[in-house]
Structures are given as C-alpha cells and as structure tokens.
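Residue-level listing of the chains:
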Amino acid sequence: MGNINPSVDLQYHNAGHIALVVMDNPPVNALKHELRAGIAEALAKAAADPAVEAVVLTGTGRFFSAGADITEFNQPRRSPTLHDVIAALDAMQKPVIAAINGQALGGGCELALGCHFRLASPHARLGLPEIKLGLLPGAGGTQRLPRLAGVERAVRMILSGEPISAQEALADGIVDAVLEGPFPDAAIAYAERVVAERQPLRRARDREDKIEAARRDPSVLDKAAAPYLRRARGEQAPEFALRAIRGAIEKPFDEGLQQEGQLFLELVQGEQSKARRHVFFAEREALKIPDMPKDVQPWPVTRAVVIGAGTMGGGIAMCFANVGIPVEVVESDQAALTRGLERIAENYRTSVSRGSLSAAEMDRRMQFISGTLDFGHVAEGDVVIEAVFEELDLKKRVFAELDRLAKPGALLATNTSTLDVNAIAAATKRPESVLGMHFFSPANVMRLLEIVRGKATSHQALATALAIGKQLGKVPVVVGVCDGFVGNRMLARRTTEAERLLLEGALPQEVDAVVYDFGFPMGPFAMSDLAGLDVGWRIRKARGVKAPVSDALCEAGRFGQKTGAGYYRYEGRTPVPDPEVERIIAEASARAGITRRKISSQEILERMIYPMINEGARILEEGIAMRPGDIDVVWVYGYGWPAWRGGPMFFADSVGLRQIRDRLKEYAERSGDPLLQPAPLLEKLVAENRGFGSLAPQRLAT
Ligand SMILES: NC(=O)c1ccc[n+]([C@@H]2O[C@H](COP(=O)([O-])OP(=O)(O)OC[C@H]3O[C@@H](n4cnc5c(N)ncnc54)[C@H](O)[C@@H]3O)[C@@H](O)[C@H]2O)c1
C-alpha cells in the first residue's frame, strides 16, 4: 500500500534529496487510472518540495509497467491520461529518472521515454507491442523513440512489437546506463550523480540529432518500413504507425504528437483493433475450463517420451528440447529412428545457418533429445505423446503397451488428427490419463495445440496437458472428440467447397488469390500442395469419397510440392499456374456435366468462409468447443487466419449472421449439399438477433 494511493508510494531518500516514486499495481503495474493519478500527484509533490533535487520513478516486482490497462479501452478516458502524466514529466524542472527494474512495455515504455534519464537493470526489457493489438503507441512513443534511437530502430520496435533487452536499449541510446547494483539503490546513487554534476535535463522531445538523416533522405524511413508493410497487406495499424513516425521526422514535436493521437483514436475505434483485442482475450480465456475445480494441480513434468520419430514425433521432441525438458523418442524401426534424429539435427542446423540459433544452443538442445528402440523407456516419461502412423489398431496396441509400462499418473497423449480418442483411451485400464494433444505441422513452429478431452479424461490430466502446452510456448485450446476436432473439421468444409468451385468454373490461382487477399498466408490449393495431395487421396479412397479434380491430379502423379507439381507446377518453391491443370479441371467439369462459368471474387470469398462458419456453429451446438472465441484462436494460431479479422466466429458477427445465413441457404439449394444448410444454432441466433459473441461459455460434451 502506497502513501499517495493504494497504487503509488512516494519515498524520500538521502535526506529528502531524492524522491522515489514506486508504482505498485500488481501483477504488472498496468497504468490504470489510480496509478496514473498517483504518479501525477507524486510528481507535483516532488516538484513543490524545495528539498527534492531529483525524482526516480520505478516499479515493483518484475515489471516497471506493462502499459495501459486494456480493460479501460472501451471506457471513456479519465484524466489524468497517460498523456497528461508524460506532459507533467516534460514540464518538470527537476531531473526525473526512470529506473526500469523489469519489463517496460507499451504505455510503460512510453512513460519511461518521457523521463529525462533512463536506467535499466540487466534483465529489463523494453517494448512497444501495441501493433499486436492493432494499435500504435499513442502516448508519444512514435515521436520520442525515433528521437532517442533513430528511425530504423524505432520502426523495428514499433512495427514488429517485439521487445528488446536492456543491453540492446543501451546500444541504441534508449537507456543511459545498465546498472548491475540492486534496484532502486543503484538508481538513487545515479540520481545523486546527475544532481551533483548538474547534468542538464534531457527531454526526448528536444532531441533532433538522431532523426536528421531521415529528414534529409525520406527513403531511410521507407526502406526500414518496407518489410513490415509487405507483411501487413490489409491491416491498417502498420501503415498508421508508419505515418505517425513520419510525423516525428517531418513535423514539429507537438504537431507530430497530436497526429499520433488522432491516428491512435481512429485505430482504437476501428473494427481491426477490436478484432485483435478479441483474439488477445480469447487466447487467455481458452485456458479456462468452466468445470475445472480450483484445487486441481498439474502433474509435474520433468521428462517426456515421444512415440514415433516421423514428421510429427520429431517436431514434438524439438518442442520439449527447446524449453530444456529431456525427451526420449521411442521408435519401432532403427532406420526410421536414425532418419528422425537426423531430421531434427538438420532442422536445427538450418536455424543455425540462418542465424536464428547459435551453434552452442543447438548442441544444448540436441543433448535433451535421445532415441531408443526399447519400449521399456516409456516408464521414464511423466508425459508420453504418441505420434505413430494414423491407424486405429496400431494406436490401440501402442496404448495397451503404454498402459503396461508407463508410470502411474503419467499423462498419455495421442497426436491423432482423425481417430476417436475415446476408442484409443479404451485400450488402456486408465482412460482418465488419456487425451489428445493435437500438434500442427511443423510441430516445432506452429503454436496451436488442440487438447482433445475424452469422456474419461480426468481434470488432472487436462490441467497437465494445459500446463505442458504453456511450458512449450504453445497456444492450447481444449476441444471435444469428433472427426477432425475443431480446426480440421472446419477446414474440410472449405476443402469440399474449393473443389466444387473448380468444377463450376474457377481456377486454383483465382481461388487462392481471393483467400490470400483476405489475409491468409496462402490459399487452399497452395496449402494442399504444401501438405501433399496423396494424404487426402488415401483417406478418400478408404472412405469411398470422391473429389474429381484432386483425384485426377493424384492419378497423374501430381502430389503437390514434393513431386514438383500439384494444383500448380513448381519452380523451386514458387507455384506457377499450369495449363495442364486447367485441362484436367475442364475435363472433370465436362465429366460432371457442368457448364463452366465465371465466378466472382465475392462469391469465392463467401464460399471459402461461410461454410466454415456454419461448421463452427455446429461445433458449438454439439459442445465440441466451449466458446466461439476458442474456435477463433484455433484458426488464428493453426491456420493463419488474419488476426486483424478476429477469427471466423468474430468475423461472422462483424459481417452479420443474417447475411451469412441467407447466403448459405442459397448455396445449399444450388448445390444440394445438406451440410451447407444453415446450422440450427445459426438460425436461432439470427431469429434472436444475437451474435456468436453473446454465447456464454459451455461445458464440453464428452
Ligand atoms: N503430418 C501432419 O501434418 C500431422 C499433423 C497433426 C497430426 N498428425 C498425426 O500425427 C501422427 C504421426 O504422423 P506423421 O506425419 O508424423 O507420420 P510419419 O509416418 O511421419 O511417422 C510415423 C512414425 O511412427 C513410427 N512408428 C510406427 N509404428 C510404431 C510403433 N509401434 N512404435 C514406435 N514407432 C512407430 C514410424 O516408424 C514412423 O517413423 C499421426 O497420427 C498423424 O495423423 C500428423
């Protein structure tokens, strides 16, 4: 408890010479109103106190401040705003020194930039992550950072949203010193020196030297921003942020600041930032299981076992090694084991050659990974993740073995994409310990982890899987048992519709262009070529299902990138539209008795998106997902749905459910496909004039 208010403490040191203002709003010192008001009051007191010669501003715990309290975004602004507080810093006639004790992010970083000096502890980090919420730093960050660190660094920090270390901040001139000594004592000693040496106040707003080069040559800014703008495509925030930074170069400080404020306001009120904030909260919500008792503790995981050294097994093993958890890969086949371990090493070597991993770190990670043909080693795992071939009988046999050998209480997980987790669990005498951990390929890269809760899965097993997911840096989403779970089940609707579009008259490159322009990293056909067409072909043959175009491509030996040709032909990894494919498609249309027609981009887009939304509604109806937001998280982190469009269910609400229902009806009637008929939940929400966002979290049906 502070003496200014519950969030701010004002202390006097060195015979009242130095005022120490401590922000204390656990856990992250979010800059809520009370904290802002407290800082302003403490500054005013220090300014008025003739004994005080300098002020040190610092935070408690691991945070200087993580920035704005984003729950306040949707409320009216209350003064003092962060702007007001920083203006008060600018107006101070006594030096104010930010003692950055830990993370200084967003508004917290801007607060530090508004001080006259900045000191950092060695483990401090500074960042402006607003772009990740579809925003820009709106409290002077776009104006002060270029002045302190130069245009290139400012662009990198503001447009990537990635934080930098104290050492990098020192090298760039953002902080004045990195202090080893204990905080805040070392900072107080530094403040004494500033006073004794009568160092002039160093306001970032007055600095010009670092932006002079960009002022003379505007291409400096454009060059620095180019890679970020290329990636932004339809997203507004990067372009707005760039405009704000340009203001810092071209306009007097106060005008630049005012423009920054206007740009911020436009973003914060816009749909894109709302979408990004939705994803931000949905990701955190997804970790909450409504029926989970509070006292459930996850099983501690110090060793992992992965069964199968194939594509997925290898990637999953890397996930554990990357965070320092020893992992043993158990194989049935020596050649497969050797190949698998070699592929892991190769993956790391690629990272080393790209400079994203040091050779020493690669060695360290490799030491966490071992391989064996001896199944007895599963006894060592606190968690065992099975990633053998996708065959139910094989998986059942493996789980019967795991049941016999694994230690009591160990979590037994399957990485199956399509098989019934309950059937796999039933092969053991401990189905409560069994669940699905569905990683996405490449498992060491993709962040989504679908955790499949079986009907017997215990709370402890679920809590353990969630904890492992977090430990591995994944984004876990708990889902129910069904064919394809959430992500692939919805994707299947898109795949069917994409094939239908080809038969009716579209070409792969037309469909892909629409989906790419919507914001996905690639369209459905480029994605199929990457994954390989043969996998789906084999599954369709086993299920007696046909996809005329895809089947014809496979029959022609076109399995995608791995054979150099699929829906496209490949020059290296670049897809090139192929007249041969057009011929195959035209023939398939003719065989089906379809007269090909020109299909508009609007229709393509609707048919690529709305059937998935409809399936999402069914998933909610059946209790396969707990919340619409969970589905959004699956699509953003597993399939590259553009975060600034918030995920399919959020997007549906922004389009309007009535419109989607009407279009689906029309497509259902035209195609005769009952799966395109609007889901009952969709009909119900339309009738009640509600959106998916109004649905309360539900328990999974198990
Ligand atoms: N490839 C993907 O994109 C992807 C994505 C998510 C989930 N999955 C699922 O992951 C699992 C593995 O897929 P994959 O692509 O890695 O397959 P894969 O064919 O690359 O690897 C399977 C490995 O399991 C080994 N194996 C087979 N029987 C074994 C046994 N009894 N004991 C130990 N090892 C055994 C094989 O030798 C092979 O190395 C499947 O269930 C698949 O559906 C795959």
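Residue numbering note: each chain is counted from 1, following its sequence as written. With pLDDT at 70 or above as the cut-off, local features in this predicted model cover only qualifying residues; side-chain atom pairs require 80 or more to be listed or tallied, and sums for whole chains, interfaces and linings still use all residues. Excluded from the side-chain calculations are hydrogens and water; all other atoms, namely the structure's heavy atoms, are used.

Trainee: I would appreciate a short explanation of the packing of helix α5 (residues 151–160) against helix α10 (residues 237–250) in the present structure.
Mentor: The axes of two packed helices give the description: the angle between them and the distance between them. Axis definition: a line fitted to C-alpha atoms, over the contacting stretch in the case of helices. Angles run 0 to 180 degrees between N-to-C directions. Numbering of helices and strands starts at the N terminus; helices are DSSP runs of H or I of at least 4 residues and strands are runs of E of at least 2. As a packed pair, α5 and α10 sit with axes 10 Å apart at the nearest point and diverge in direction by 150 degrees. Here α5 lies roughly antiparallel to α10, going by the angle between them. Crossing hand, α5 versus α10: right-handed. Together, Val151, Ala154, Val155, Ile158 and Leu159 of α5 and Pro238, Ala241, Ile245 and Ile249 of α10 make up the contact between the two elements. By the definition adopted for this analysis, an angle is roughly parallel if under 35 degrees, roughly antiparallel if over 145, roughly perpendicular if from 65 to 115, and oblique otherwise. Here a crossing is taken to be left-handed if its near helix is turned anticlockwise relative to the far helix by less than a right angle, and right-handed if that turn runs clockwise. Throughout, a residue-residue contact means that at least one pair of heavy atoms, one from each residue, lies within 4.5 Å.

Trainee: Before we go on, may I ask you to explain the domain arrangement of the chain in this structure?
Mentor: How large an interface is tends to be reported as the accessible area lost when its parts come together. For the chain, the assigned domains are domain 1 (8–269), domain 2 (304–479), domain 3 (506–591) and domain 4 (601–694). For the domain bounds, the source is a domain assignment made automatically or taken from a database. The straight-line distance from the C-alpha centre of domain 3 to that of domain 4 is 25 Å. Of the residues lining the interface, 12 residues belong to domain 3; the matching set on domain 4 comes to 13 residues. We define buried area as the total accessible area lost by two parts upon association, computed with a 1.4 Å probe and summed across both. Together, the buried faces of domain 3 and domain 4 total about 940 Å²; carbon and sulfur atoms form 85% of this surface.

Trainee: Teacher, can you tell me more about the side chain of arginine 500 here?
Mentor: In this structure, arginine 500 sits in helix α19 (residues 487–504). Throughout this description, buried means an accessible area under 20% of the type-specific maximum (1.4 Å probe, protein chains only), exposed means over 50%, and partly exposed covers the range between. For arginine 500, a relative accessible area of 18% gives the class buried.

Trainee: Explain the sheet that holds strand β6 (residues 103–105) here, please?
Mentor: Two pairing modes exist for strands in a sheet, parallel and antiparallel, and in both the strands are linked by backbone hydrogen bonds. Strand pairing follows a simple DSSP-based rule, namely that at least 2 bridges must link the two strands. Spatially, 4 strands are ordered β4-β6-β8-β9 in an open sheet, and the strand pairing comes out mixed. Strand pairing shows two members of the sheet lacking a second neighbour, β4 (63–65) and β9 (164–165), which therefore form its edges. Inspection of the sheet shows β6 paired to strand β8 (residues 125–127) by 3 bridges, in the parallel sense. In the sheet register, leucine 105 faces β8, and the bridge partner there is glycine 127.

Trainee: Help me out: how do you make sense of the environment of asparagine 347 in this one?
Mentor: Within the secondary structure layout, asparagine 347 lies in helix α14 (residues 334–354). Along the sequence, asparagine 347 and aspartate 291 sit 56 residues apart, while their C-alpha atoms lie 40 Å from each other.

Trainee: Mind showing me how you'd approach the pattern of salt bridges here?
Mentor: Should their charged atoms come close, side chains of opposite charge can pair. For this document, the term salt bridge refers to a Lys or Arg side-chain nitrogen within 4 Å of an Asp or Glu carboxyl oxygen. All told, the structure shown has 59 salt bridges when counted by the stated rule. Between glutamate 342 and arginine 349 there is a salt bridge; the shortest N-O distance is 2.5 Å. The class for glutamate 342 is partly exposed, based on a relative accessible area of 41%. Residue classification places arginine 349 among the partly exposed positions, given a relative accessible area of 36%. Between arginine 607 and glutamate 504 there is a salt bridge, with the nearest N and O atoms lying 2.8 Å from each other. Of this pair, arginine 607 sits in helix α25 (residues 601–621) while glutamate 504 sits in helix α19, and the two are 103 residues apart along the sequence. With relative accessibility at 2%, the residue arginine 607 sits in the buried group. By sharing partners, the salt bridges in this structure join Glu497, Arg500, Glu504, Arg597, Glu603, Glu606, Arg607, Arg663, Glu666, Arg670 and Asp673 into a single network.

Trainee: How should helix α21 (residues 524–531) be read in this particular structure?
Mentor: Turn by turn, an α-helix covers 3.6 residues, leaving residues three or four places apart pointing in a common direction. When α21 is considered as a whole, its buried residues turn out to be Pro524, Phe525, Ala526 and Asp529. In the segment just after α21, glycine 532 is the residue with positive phi, at about 100 degrees.

Trainee: Is there a simple way to think about the site of the ligand in this case?
Mentor: In the vicinity of the ligand, 24 residues are found, and the nearest of them are Met312, Glu331, Glu390, Lys395 and Asn415. Any pair of N or O atoms that falls within 3.5 Å is considered a polar contact. Within protein, one atom must be able to donate a hydrogen and the other to accept it, and sequence-neighbouring residues count only if both atoms are side-chain atoms. Between the ligand and lysine 395, the relevant distance is 2.5 Å, taken from an oxygen atom to a side-chain nitrogen or oxygen of the residue. Side-chain polar atom of serine 417 to an oxygen atom of the ligand: 3.0 Å apart, as the coordinates give it. Contact with the protein chains hides 78% of the accessible area of the ligand, taken as 830 Å² for the molecule alone. Among the secondary structure elements, those contributing two or more residues to the shell around the ligand are α13 (311–322), α16 (392–405) and β16 (434–439). With 3 residues, α16 is the single largest residue contributor to the shell around the ligand. We call a residue near a molecule or strand as soon as one heavy atom of that residue lies within 4 Å of the molecule or strand. Note on areas: Shrake-Rupley, 1.4 Å probe, and residue coverage restricted to the protein chains presented here.

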